[in-house]
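Per-entry structural report
Spelled out, the chains give:
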Amino acid sequence: MNNTPMRTAGSLAGLLLLTAGLTAMTGWVNWAAVGRALQPYAFGIGLIAVGGVVVAAGWLHRPPAKRIPMPALTWWAVLLAVIVVVVVTYAATVWLLHEAANATDPGAARVNAVKTGLGIAAGTGGVFALILALRRQWHQELTAIDTTTDATERRITELYTKASEQLGSDKAPVRLAGLYALERLAQNNETQRQTIVNLICAYLRMPYTPPPRTTTPRTSGIHRPLRRITTTPKPTPAETKLDARQEREVRLTAQRILTHHLNPANPDTYWPDIDLDLTNATLIDFSLAQCHLNHAAFAHTTFHDTANFHQATFTGTAWFRRASFSGTVLFGGTSFGGDAWFEEASFSGLAGFDEASFSGPVRFGGASFSGPVRFGGARFGRDAWFDEASFDDRAWFGGASFGGDAWFEEASFGGPVRFDKANFCRNAGFDEASFGRNVRFDGVSFGGDAGFDEASFGRNAGFDGVSFGGDAAFGGANFGRDVRFHQASFSGRAGFEHASFSGHLHLDRSQVLGRVSFVGARFELEPPEWVGEMGDGSGLHHVGDVP
């Protein structure tokens, strides 16, 4: 704790009391008369005194400000102090001698005036002496603080250097000791936490290949005798495998350190406002579940086994461009406060983004999902790009909310797709998208335009109860089997120009408020039956190749 403000305040209080005492000893101030004159203002003076105490207490407990180096004492400052003492003494003595001339006993009064003048000179000089003593004390305290700070910084540097050297050792136990030393150093020195996290991330970014989990089969048969080797022997496969497993434990320890200190559930060990840069890193069973961090860079990162980001919070940018996930990925309930970049990322297993929240733009363009994908209940606050993304297995977007534009152009869906009760507040683009299996948009709300031009539906497509707030464009779309628009609502124009229908088209109980066009549409089966409320029918066109 820095006691400099408290000591300075005590010195000032002592200086004021000493000055008041010297003034009282001179006898030229009638304190009784002063008290009687101030008595009517006693209440106001009391309030001022209390307020002064409160302000002083706040000043004494304020955070230490940046210290300004104390300037050296110059000769002209000393000369100025001497001049002030001489001028004050001369003025006081002259005034007292002038008053003594009017006294009953002028001679005695003059003697007292001279004595008082000398007392004032001594008091004024004492004040400057106290100021010099106070300045000296302050300087000594600042010097002690600087000495302590320098010693602390040197100690931190020594510990950091030693731990870094341990982290570079070829022995796994030494590397583990270095990690724990860095953790302890960061825990005790808040200003060093980001630097130490950067060092741990740099270690995880170093090239590494996890050991295979399969065992080497035992060989049998006749072996040739070994030749004598005169050079340094190379590590045996067993030694190499042991080193790889030991390095795996070191990396898992480094990951656990990050996970533990980025979780606010541990308030005593939580490190706030931390950035992570794990670009090109190799991570194993990595977990940031319920962790809070600022910016995070995982571009080109390889995640082996499970990657757990459940209910994590990214207050800044989250960068996963071209990241590779070989196992299950959990982003359920994760909050992305800034931009989220997953362009060209590769997901080999289950990818769960249920109830995830994206406050900034989201980019999954060119991403590859080999396993099931879940965005159920996800909230996209701004634009979301899934253009050219590949979904090989089931894709679930049920209940998702898109606050900005949503783009799925040229996306490929190999498995069943469901957007049930999703909400598209603005435009939604599925132009040239490919749906290989059944796709359901039941109960979806499109607040803006919905584009499905040139989209391909390999099997059944369901749009039951869909609300199209803007134009609905299905021009050139290819429906491989039945397509249903049961109880759908078209507020704008519905265009099916040059669309191809291999199965039945159901528009029963649909409501059309705008123009519907089937110009150039082709039906392989019988023409659809127009059932339900279709407006006044004046905008309904099914001409061209319609049977």
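The coordinates are above.
Since the model is a prediction, treat every value here as computed from it, not as a measurement. (Residues numbered from 1 in each chain as written. Predicted model: local features only at pLDDT ≥ 70, side-chain atom pairs only at ≥ 80, totals over all residues. Heavy atoms only, no water.)

Section: the overall build of the protein
From N to C terminus, the protein includes eight helices and 46 strands. Going through the 547 residues of the protein one by one, you find that 37% of them count as buried. (Helix = DSSP H or I, 4+ residues; strand = E, 2+ residues; numbered from the N terminus. Buried < 20%, exposed > 50% of the residue type's maximum accessible area, 1.4 Å probe, protein only.)

Section: the sheet that holds strand S17 (residues 368–369)
Pairing in this open sheet of twelve strands is parallel, and the strands run S2-S5-S9-S13-S17-S21-S25-S29-S33-S37-S41-S45 from one edge to the other. Edge positions in the open sheet fall to strand S2 (282–284) and strand S45 (522–523), since each of these has one partner strand only. Across two bridges, the pairing between strand S5 (residues 302–304) and strand S9 (residues 324–325) is parallel. Paired with threonine 302 across the two strands is serine 324, which belongs to S9. (Pairing = 2+ DSSP bridges.)

Considering a nonpolar patch on the surface
Judged by side-chain polarity, Leu79, Ile83 and Val87 come together as a nonpolar surface patch covering roughly 260 Å² of accessible area. As for its placement among the helices and strands, leucine 79 is situated in helix H4 (residues 75–100). Residue classification places leucine 79 among the partly exposed residues on the basis of a relative accessible area of 44%. (Patch = residues over 30% accessible without salt bridge, like charges linked within 9 Å, V, L, I, M, F, W, Y side chains within 5 Å. Areas by Shrake-Rupley, 256 points an atom, 1.4 Å probe, with all protein chains shown as cover. Salt bridge = Lys/Arg side-chain N within 4 Å of Asp/Glu carboxyl O.)

Comments concerning the side chain of threonine 269
Here threonine 269 is to be found in the loop between helix H8 (237–261) and strand S1 (276–277). Polar side-chain contacts of threonine 269 include one of 3.1 Å to the side chain of histidine 260. Beyond its immediate chain neighbours, meaning those up to four positions away, threonine 269 contacts Gln187, His260 and His261. (Polar contact = N/O pair within 3.5 Å; in protein donor to acceptor, adjacent residues only side chain to side chain. Contact = heavy atoms within 4.5 Å.)

Some thoughts on helix H6 (residues 172–188)
Helix length check: H6 (17 residues) gives 25 Å between terminal C-alpha atoms against 24 Å at 1.5 Å per residue, within 8%. Of all the positions in H6, only Ala172, Arg175, Gly178, Leu179, Ala181, Leu182, Glu183, Leu185 and Ala186 are classed as buried. (Expected span 1.5 Å × (residues − 1).)

A short note on a negative patch on the surface
A cluster of acidic residues, Glu388, Glu410, Glu432 and Glu454, forms a negative patch at the surface. Mapped onto the elements, glutamate 388 comes out in the loop between strand S20 (384–385) and strand S21 (390–391). (Lys, Arg positive; Asp, Glu negative; His and termini not counted. Charge placed at Lys NZ, Arg CZ, Asp CG, Glu CD.)

Some remarks on the pattern of salt bridges
Enumeration according to the criterion identifies 16 salt bridges in this entry. The closest approach of N and O atoms between arginine 251 and glutamate 247, which form a salt bridge, is 3.1 Å. Within this pair, arginine 251 and its partner glutamate 247 are both found in helix H8, separated by four residues, close to a single helical turn. A residue is classified by how much of its surface remains accessible, and arginine 251, at 1% relative accessible area, is buried. Using a relative accessible area of 12% as the deciding quantity, one classes glutamate 247 as buried. One salt bridge connects arginine 321 with glutamate 344, and the closest N-O pair in it is separated by 3.7 Å. Here arginine 321, found in the loop between strand S8 (318–319) and S9, pairs with glutamate 344, found in the loop between strand S12 (340–341) and strand S13 (346–347); they are 23 residues apart in sequence, far enough to count as distant. Salt bridges sharing common partners tie together Arg321, Arg322, Glu343 and Glu344.

Thoughts on the sheet that holds strand S43 (residues 511–512)
An order of S3-S7-S11-S15-S19-S23-S27-S31-S35-S39-S43 is seen for the eleven strands of this open sheet, with the pairing classed as parallel. At either margin of the open sheet sits one strand with a lone partner, and together these are strand S3 (292–293) and S43. Two elements, strand S23 (residues 401–402) and strand S27 (residues 423–424), share two bridges in a ladder whose sense is parallel. Residue serine 401 lies in a different strand from S27, and its bridge partner there is asparagine 423.

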